[in-house]
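Overview (structure and organization)
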Amino acid sequence: MKKRTPIKDGAVATKDGKITFVGKNAFATNIQAEKKINAKGKAALPGLINCHTHVPMTLFRGIAEDQPLDVWLKKAIWPLEAKLRSEDIYTGALLGCLEMIKSGTTCFADMYFHEDVIAKAVEKSGMRGVLAEGIIEAGDKTLGEKMLNESVNFARSFHGYADGRVTALLGPHAAYSCSPELLIKVKEKASELNVGVHIHLAESKEMFKEFEQRYGSSEVEFLNKTDLLNRHVLAAHCIDLSVEDMQLLSKDNVNVAYVPVANMKLGLGAAKIKDLVDLGVNVGLGTDGPASNNSLDLFETMKMAALLQKLTYSNPKVLPVYDVSRMATINGAKALGLERNVGSLEVGKKADIILVDFSKPHLRPLHNIYANIVYSARGSDVDTVIVDGKIVMENQQVKTLDEQAIMKKAEKTAWDLLSR
Ligand SMILES: [Zn+2]
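On a predicted model such as this, the values are computed, not experimentally measured, just so you know. (Residues numbered from 1 in each chain as written. Predicted model: local features only at pLDDT ≥ 70, side-chain atom pairs only at ≥ 80, totals over all residues. Heavy atoms only, no water.)

Comments concerning the coordination of the zinc ion
Quick reminder of the rule: Only nitrogen, oxygen and sulfur atoms qualify as donors, and only when within 2.8 Å of the metal (3.2 Å in the case of Na, K and Ca); with water excluded, sites may look incomplete. Numbering of helices and strands runs from the N terminus, with a helix taken as a DSSP run of H or I at least four residues long and a strand as a DSSP run of E at least two residues long. Exposure classes here rest on a 1.4 Å probe applied to the protein chains alone. A residue is buried below 20% of its type maximum, exposed above 50%, and partly exposed in between.
Protein coordination at the zinc ion comes from H52 (NE2), H54 (NE2), H200 (NE2) and D288 (OD), with a distance range of 2.1 to 2.5 Å. Mapping the donors of the zinc ion onto the primary sequence yields the spacing H-x1-H-x145-H-x87-D. Taken together, the positions of H54 in the loop between strand 4 (48-53) and helix 1 (69-82) and H200 in strand 8 (residues 197-201) put the pair 146 residues apart, joining distant regions of the chain. The buried category is assigned to H200, whose relative accessible area is 5%.

Set out below in structure tokens:
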């Protein structure tokens, strides 16, 4: 890994949505700019990339706390999701986009239902989204077929949407909720459409045991048999994998979305990220849905990502700050198949840039900028957000969305849902 060093007194220039200059301010003096942003006291970073969420679940934030995963899902979340209408999903997605923009996330990978309206929220907000319409079979083959068709139709219609800011993946929910036959079809369709796959994988130790009893193999071995892992795969969670499982993920270049906060909150355990990274697996960071986190702040996730690994291995050397910052940026971009376009500040890449205000007590002194970003910064320190060269937030004012109106609508929708 080529280590990048921060540029002091730097400047970034963009044109037509792309980065045209990155370097010392002193070398940028002859650049003619239509608009200049004075970033004194701020750090320009690549926009953060959230590799796993279900963004409309902002509406369920705080609704079901301190429950085990199966109770949380079956008693609280699924009954509420059954009442969701597409306009509610749009409202929840807008609230999530607003939260992400304000905390420096420029791109997110989502798996949910009615992704078409989530794509519309991405378009309106100015963000970048890698969206997958979820596919759950749960023993009902007709349902599985129907959802596969919807996922395929979404990918056909929305891959490249919003000037290319939306790309699509297929979204088989998990190995335990989709049959091998369905997963084989997902793989075939993904090949046909030339898109990747976003899936939950090995989310809890309990499920892991149940799955092995039922199928006689681990979830990873099971997916490997369906050939699904041969596609570009984004696998969220990956807790408690065997060495053989990890080797399979490495062999097939599976991308892992490490989701530390939601895994801790639901008491599910910790992914062995050091082992995966040592095997060459690419790891990005995810928040998971706001109902199981309860935040979309990737600065918080970076901190938790590092701390949980140090605790898991009882070793403070595991997952250093520089590596965590890569997970939230360039590794995340790679996990979403976007590393040629975003994830770092380089000439020729799309201009997805955030400015973090370091003129704050908790961010001084500045011995190690990576340490301050991972351990001390918060989403609320983000001052300016640029996506595709367009200013989406400046001086903490979001330009693309009406903050007050969205919060009001989301509050009303969340309460309406409970009374339906
Ligand atoms: Zn999830």
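Having put the structure on the table, let's press on.
Here's the deal with a nonpolar patch on the surface
Defined as follows: Grouping into patches uses exposed residues only, defined as over 30% relative accessible area, and leaves out salt-bridged ones; the cut-off is 9 Å for like charges and 5 Å for nonpolar side chains (Val, Leu, Ile, Met, Phe, Trp, Tyr). Using a 1.4 Å probe, accessible areas were evaluated by the Shrake-Rupley method; residue-level cover was limited to the displayed protein chains. We define a salt bridge as a contact between a side-chain nitrogen of Lys or Arg and a carboxyl oxygen of Asp or Glu at a distance within 4 Å.
Together, I63, W415 and L418 make up an exposed nonpolar region whose accessible area comes to about 320 Å². What makes W415 exposed here is its relative accessible area of 57%.

Describing the sheet that holds strand 3 (residues 42-46)
Using the following cut-off: By this definition, two strands are paired if DSSP reports at least two bridges between them.
Strand order across the open sheet formed by five strands is 3-12-13-14-15, with antiparallel pairing between neighbours. At either end of the open sheet lies a strand with only one pairing partner, and these are strand 3 and strand 15 (397-398). Judged from the five bridges that link them, strand 3 and strand 12 (residues 353-357) form a sheet pairing that is antiparallel. Along strand 12, the bridge assignment pairs A43 with V356.

A few points about the layout of surface pockets
Just so we agree on the cut-off: Throughout, the protein atoms alone are placed on a 1 Å grid, and a set of points is a cavity if a 1.4 Å probe fits but cannot get out or a pocket if it is open with protein on both sides within 12 Å along at least five of seven lines; lining residues have an atom within 4 Å of a point. Grid points are joined across faces, edges and corners, and a volume is the space filled by probe spheres set on the points. Each residue is assigned to one class: nonpolar for Ala, Val, Leu, Ile, Met, Phe, Trp, Tyr, Cys and Pro, charged for Asp, Glu, Lys and Arg, and polar for all the others, Gly among them.
If you add up the space inside the second largest pocket, you get close to 600 Å³. Of all elements in the fold, only helix 1 and helix 6 (205-215) reach the threshold of two or more residues within the lining of the second largest pocket. Here the element with the most residues in the lining of the second largest pocket is helix 6; it accounts for six residues. Looking at the lining of the second largest pocket residue by residue, the class counts come to 11 nonpolar, four polar and six charged.

Side note on the packing of aromatic side chains
We count it as follows: Stacked, edge-to-face and tilted labels apply to pairs of Phe, Tyr and Trp rings (six-membered ring for Trp) whose centres lie within 6.5 Å, assigned for plane angles under 30 degrees, over 60, and everything in between, in that order.
The full count for this structure, using the stated rule, is seven aromatic pairs. Summarising the aromatic geometry, the rings of F211 and Y215 are spaced 4.5 Å apart at their centres and angled 35 degrees between planes, so their arrangement reads as tilted. In this pair, F211 and Y215 are both assigned in helix 6, four residues apart and thus about one turn of the helix distant. Classification of F211 by relative accessible area gives buried; the value is 3%.

Observations concerning helix 3 (residues 115-125)
Put simply, the rule is: Residue contacts are defined here by distance: any two heavy atoms, one from each residue, within 4.5 Å place the two residues in contact.
Buried within helix 3 we find E115, V117, I118, A119, A121, V122 and S125. Tucked into the core, helix 3 has its buried residues touching helix 2 (86-102), strand 5 (105-112), strand 6 (128-135), helix 4 (141-158), strand 7 (166-172) and strand 14 (390-394). After helix 3 finishes, the residue G126 shows a positive phi value of roughly 90 degrees.

What to know about the pattern of salt bridges
Scanning the entire structure with this criterion turns up 20 salt bridges. Linking K141 and E181 is a salt bridge whose minimum nitrogen-to-oxygen distance equals 3.6 Å. Placement of the pair is K141 in helix 4 and E181 in helix 5 (residues 180-193), with a sequence separation of 40 residues. A relative accessible area of 52% places K141 in the exposed class. Ionic pairing is found between R156 and E192, a salt bridge with its closest N-O pair at 3.4 Å.

Quick word on the side chain of K310
Going by this rule: The term polar contact refers here to a pair of N or O atoms within 3.5 Å; inside protein, the definition further demands a hydrogen-donor-capable atom paired with an acceptor-capable atom, and it admits residues adjacent in sequence only when both atoms are side-chain atoms.
Within the secondary structure, K310 sits in helix 11 (residues 298-312). A polar atom in the side chain of K310 sits 2.8 Å from the backbone oxygen of P316. Not counting chain neighbours up to four residues away, the residues in contact with K310 comprise N315, P316, K317, V318, L319, P320 and Y375.

Focus: helix 2
Definition in use: Here a helix's expected span is defined as the number of its residues, less one, multiplied by 1.5 Å.
Spanning 17 residues, helix 2 covers 24 Å between terminal C-alpha atoms, matching the ideal 24 Å at 1.5 Å per step. A large share of helix 2 lies buried, amounting to 13 of its 17 residues. Looking one or two residues past helix 2, G104 carries a phi angle of roughly 90 degrees, positive in sign.

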